[in-house]
Each structure stands twice: as structure tokens, then as C-alpha cells.
Amino acid sequence: MSRADAAGGRSGTGRTYTGHVNEHAPKRRPTIEDVARESGVSRGTVSRVLNGGHWVSPPAREAVERAIKKTGYRINPHARNLATARANSVAFLLTESHDRLFEDPNFSVLMRAAADALAERDLPLVLLMAGSDDEQRRATDFIMGGHVDGVLLVSSHRGREGFLKGLVEAEVPVVSCGVPLGYERRIGFVSADDREGARDVVSYLRDRGRERIATITGPQDTSGGVGRLEGYREELGDDYDERYVAFGDYSRSSGARAMEQLLEQAPDLDAVFAANDMMAAGALDVLRARGRRVPDDVAVTGFDDAPIATRLDPQLTTMRQPFDRIAHEMVRMLLDVFDGRPAGRMTLPTELVVRESA
């Protein structure tokens, strides 16, 4: 028998008969991707429906169920048993560089308080860094792989939050520390009242007789940076003058650079409101080097009441953020989402702490 005969055809006829082979070939089994495409939702949402429907809206669940029937998708019982196992852990997702993690003590305060709150439910906290594009990709893959049950998002930046899109579309529970610019209506958050806190600081300085009040702002791609500048402007009203504004990135070095800039732009300034305590520390470094006495010549205030505030000389007058409560409320809100309740949005008041610098 020739090779053509063996293949099911006749070499002399010019035709090869292969139809009987394909006719009995097994049909491709529908996959989760097929169901997702048919239902118009993400693969993650389909997976959640298959695993019990947690964190899935009723319309999405109905669309998936219709797509399952239409495609003929069948659940692999073994795979489902693996998938339904809860990770029983929560991610602390920090969208900052490794340097900032160690430089800014607020992150460790938040992380410790969140870990304490989760410990009450016997849930461990997993630190994920997402300061670069590669880190964001790895963190997203880790989260979407089911290694954690939800995310506590810290220090979100507008324009660098694209990785959140996949998490939101997959309906992964996420609660943010601070208002997540661009996602304010899509995920829950707990925030300090940045705008009113800034107004209170400026009002205090004016009540103390300061007339030429400068500010070192936080980054304008964060809710804290935006809100504190807004509060500063609102409280000054018609006295607002751009010469008294310099921009920082929350680091001590940026506070020093901004202070140098302010002394060039507005050498007559008699007070500085820095949008966090680390930048206030940098401002104090420059003022001391320039021979400006604090608070006699220039009053200095910060924002946060971080541990550094009491280690400076003079000790720093600042606006206290309730970090412990912020972390506990974030955890409570995330656990609510685990239990099927919608994520809330909460703004907490700040408190002025008066010390020697102003």
C-alpha cells in the first residue's frame, strides 16, 4: 500500500479523502476564555462566578451563567477544588520606590496597624512593591493568580495607576489609603481630610501673626498633594501668591530644594507650611544653614505627625493624621467587601499638634 493509500486517499485520483478523519475528531472543549468572551466580562469575573460568586454583581453573574449554557462549558471538578481554596492573606500594595518605603515612616506605621487589625482575623499581610512598571506587572500577576484575597492600596498616583484597571475589572477587592485619583467611584477608600487640615494650619499661622506664608506642596498626582494645596489656597484667599509656592515629592531632599527656591522667590517669607513632615525637615535644614531662626524669623509647620516630628530641633508643629485608625478602617472596609457588602468611602478629621517650630 502506498503512502497515499495509508493516508486514506488514492495517489492516482488527484484527490485525497480526509473527511472521515476530521469527522470523528474530538470537538475542542470550551474554556473560561470562551465564556468570558461570550459574556463580555473578564476571565477573573468568570472565575469568581465559578467559585461561588463572591464579589460579582448580579448582572455579571447572570451574563456568565448564560454564556456557560451557550458555550457548553463544563467545570473541571479538580481544578475547581484548587481554585476555591482561599488564599487567606491580604496584600499591602505600596506604589512607591523601595527608597521611599524606608525613608517615609508613615508607610511602616500604616503597615504595622493594618497587620495588627488583620491579625484579629488571623490573616497575614503580604507586602507588594509597585513603584515601577515591572513591579506593577509582577504585583498584578501575583494578585490575579489568587495568592491574596484582597488589596490595601497605599500611595496611589494619578497617571501611574493603570495596573488598577485589571484588578477592578476582575472585581478584586481593593481599598485605598487616600482618594485613588481616577478611581474614586470604583474602589473604596479611607482618607484624612487633607483640605481642611491644610486650612487649619494656615489659619493657625495667621492667628500667630504670620503674614507671608509659603508652602511646599506634595506631588500633584496624589490626593494628599492636591488637597493640601487646595486648602492652602482657599484659606489665603485673595492673599494667595504663586511666589510663595514650591513643589516637592514628600522626600526630605525635595523639601530642602523647595526651601532654597522659596528663599530666592520670596526672601521676605515669615512662615512655611510643608505638606509633610519629611519636607518640613528638609526646610529646617536649609533655614538653619541660611541663618534663619525658627520660629523667630520663620515659623515652620508640617503635616502627618510622623515620628520625625519630635526628633527635629526645634520640634515640629504639624497636622496629625490618624494613621492607626485609617489602617483599621481600611481593613474593616476590606473585610466588609469579603462578606459581600459594598466598599465604603470615609474621610477622617486631622488634629493640629503645636510644638516649638511655630
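Everything here concerns the structure above.
Read on for an overview of the structure. All values derive from a computational prediction rather than experimental measurement.

**Let's talk about the overall build of the chain**
Across its full length, the chain holds 15 helices and 12 strands. Expressed as a percentage of its 358 residues, the buried residues of the chain come to 50%. Long-range pairs, those at least 24 residues apart, make up 70% of the contacts in the chain between residues at least 6 apart in sequence. Element-wise, carbon and sulfur atoms account for 48% of the exposed surface of the chain, whose accessible area totals about 17800 Å².

**Let's talk about the sheet that holds strand S12 (residues 351-353)**
With respect to topology, six strands assemble into an open sheet ordered S7-S6-S8-S9-S10-S12, the strand pairing being mixed. This sheet does not close on itself; its edge strands, each paired only once, are strand S7 (245-247) and S12. With strand direction ignored, the average angle separating the axes of adjacent strands in the sheet is 20°. Here strand S8 (residues 271-274) pairs with strand S9 (residues 299-304) via three bridges, running parallel. What sits directly across from Val272, in S9, is Val300. Along the sheet, helix H14 (residues 277-289) makes contact with strand S6 (213-217), S8, S9 and strand S10 (317-320), crossing S9 at roughly 160°.

**Overview of the sheet that holds strand S3 (residues 150-154)**
With parallel pairing, six strands are arranged side by side in an open sheet as S2-S1-S3-S4-S5-S11. Looking at the sheet topology across the chains shown, the edges are occupied by strand S2 (125-129) and strand S11 (345-348). Pairwise comparison of adjacent strand axes, ignoring direction, gives a mean angle of 20° for this sheet. Summarising the sheet, strand S1 (residues 90-94) and S2 pair through five bridges and their orientation is parallel. Within the sheet, the bridge partner assigned to Phe92 lies in S2 and is Leu127.

**With respect to the environment of Leu93**
Relative to the helices and strands, Leu93 is located in strand S1. Taking relative accessible area as the criterion, Leu93 reaches 1% and is therefore assigned buried. When the C-alpha atoms of Leu93 and Gly131 are compared, they prove to be 9.6 Å apart, with 38 residues separating the residues in sequence. Not counting residues up to four positions away in its chain, the partners in contact with Leu93 are Leu128, Ala130, Ala139, Ile143, Val151, Leu152, Leu153, Val154 and Phe163.

**With respect to empty space enclosed by the protein**
Evaluation of the coordinates by the stated rule reveals one cavity of 30 Å³ or more. In this structure, the largest cavity occupies an estimated 390 Å³ of space. For the largest cavity, the lining is made up of 29 residues, of which Ser155, Cys177, Arg228, Tyr250 and Gln321 are closest to its centre. Listed by contribution, the elements that provide at least two residues to the lining of the largest cavity are helix H8 (105-119), strand S4 (174-177), strand S5 (188-192), helix H12 (223-236) and helix H15 (323-338). Partitioned by chemical class, the residues of the lining of the largest cavity number 11 nonpolar, 12 polar and six charged.

**Digging into the environment of Ala271**
As for its position among the elements, Ala271 is in strand S8. By relative accessible area, which is 0% here, Ala271 ends up buried. Once the C-alpha coordinates of Ala271 and Thr301 are considered, the two residues, 30 residues apart in sequence, prove to be 8.1 Å apart.

**Things to note about the packing of helix H4 (residues 43-50) against helix H5 (residues 58-71)**
It is at 10 Å that the axes of H4 and H5 come closest, and there the two elements cross at 85°. Of the possible angle classes, the one that applies to H4 and H5 is roughly perpendicular. Across the interface between the two elements, Thr45, Val46, Val49 and Leu50 from H4 touch Ala60, Arg61, Val64 and Ile68 from H5. Considering only residue class, the contact of H4 with H5 consists of six nonpolar, one polar and one charged.

**Observations regarding the nonpolar core**
Note on soluble globular proteins: their nonpolar side chains tend to be buried together. Counting 48 residues, the largest nonpolar core has Leu205, Ile216, Tyr232, Met259, Leu269 and Val300 as its most contacted members. The set of elements that each furnish at least two residues to this core consists of helix H11 (194-207), S6, H12, S7, helix H13 (252-265), S8, H14 and S9. Residue contributions to this core peak at eight residues, all from H14. Discounting residues that sit within four places of it in the chain, Tyr232 has contacts with Ala198, Val202, Ile213, Ala214, Thr215, Tyr240, Tyr244, Val245 and Phe273. Listed in part, the 30 residues of the second largest apolar core include Phe92, Val190, Phe323 and Met346.

**A short note on the packing of aromatic side chains**
With the rule as written, the count across this model stands at two aromatic pairs. Measuring from ring centre to ring centre gives 6.4 Å for Phe273 and Phe303, while their planes differ by 50°; the resulting arrangement is tilted. Here the residue Phe273 occupies a position in strand S8, and Phe303 occupies one in strand S9, the gap between them amounting to 30 residues. The lysine or arginine in question, Arg228, covers the ring of Phe303, its NZ or CZ lying 4.0 Å from the ring centre. The ring of Tyr240 is capped by Arg233, whose NZ or CZ atom sits 4.2 Å from the centre of that ring.

Quick notes on the rules
Residues numbered from 1 in each chain as written. Predicted model: local features only at pLDDT ≥ 70, side-chain atom pairs only at ≥ 80, totals over all residues. Heavy atoms only, no water. Helix = DSSP H or I, 4+ residues; strand = E, 2+ residues; numbered from the N terminus. Buried < 20%, exposed > 50% of the residue type's maximum accessible area, 1.4 Å probe, protein only. Contact = heavy atoms within 4.5 Å. Areas by Shrake-Rupley, 256 points an atom, 1.4 Å probe, with all protein chains shown as cover. Pairing = 2+ DSSP bridges. Axes fitted to C-alpha atoms, helices over the stretch in contact; angles between N-to-C directions. 1 Å grid on protein atoms, 1.4 Å probe; cavity = no way out; pocket = protein on both sides within 12 Å on 5 of 7 lines; lining within 4 Å. Points joined across faces, edges and corners; volume = space filled by probe spheres on them. Nonpolar A, V, L, I, M, F, W, Y, C, P; charged D, E, K, R; others polar. Parallel < 35°, antiparallel > 145°, perpendicular 65-115°, else oblique. Core = buried A, V, L, I, M, F, W, Y, C linked by side-chain atoms within 4.5 Å. Phe/Tyr/Trp six-rings, centres within 6.5 Å; stacked < 30°, edge-to-face > 60°. Lys NZ or Arg CZ within 6 Å of the ring centre and 35° of its normal.

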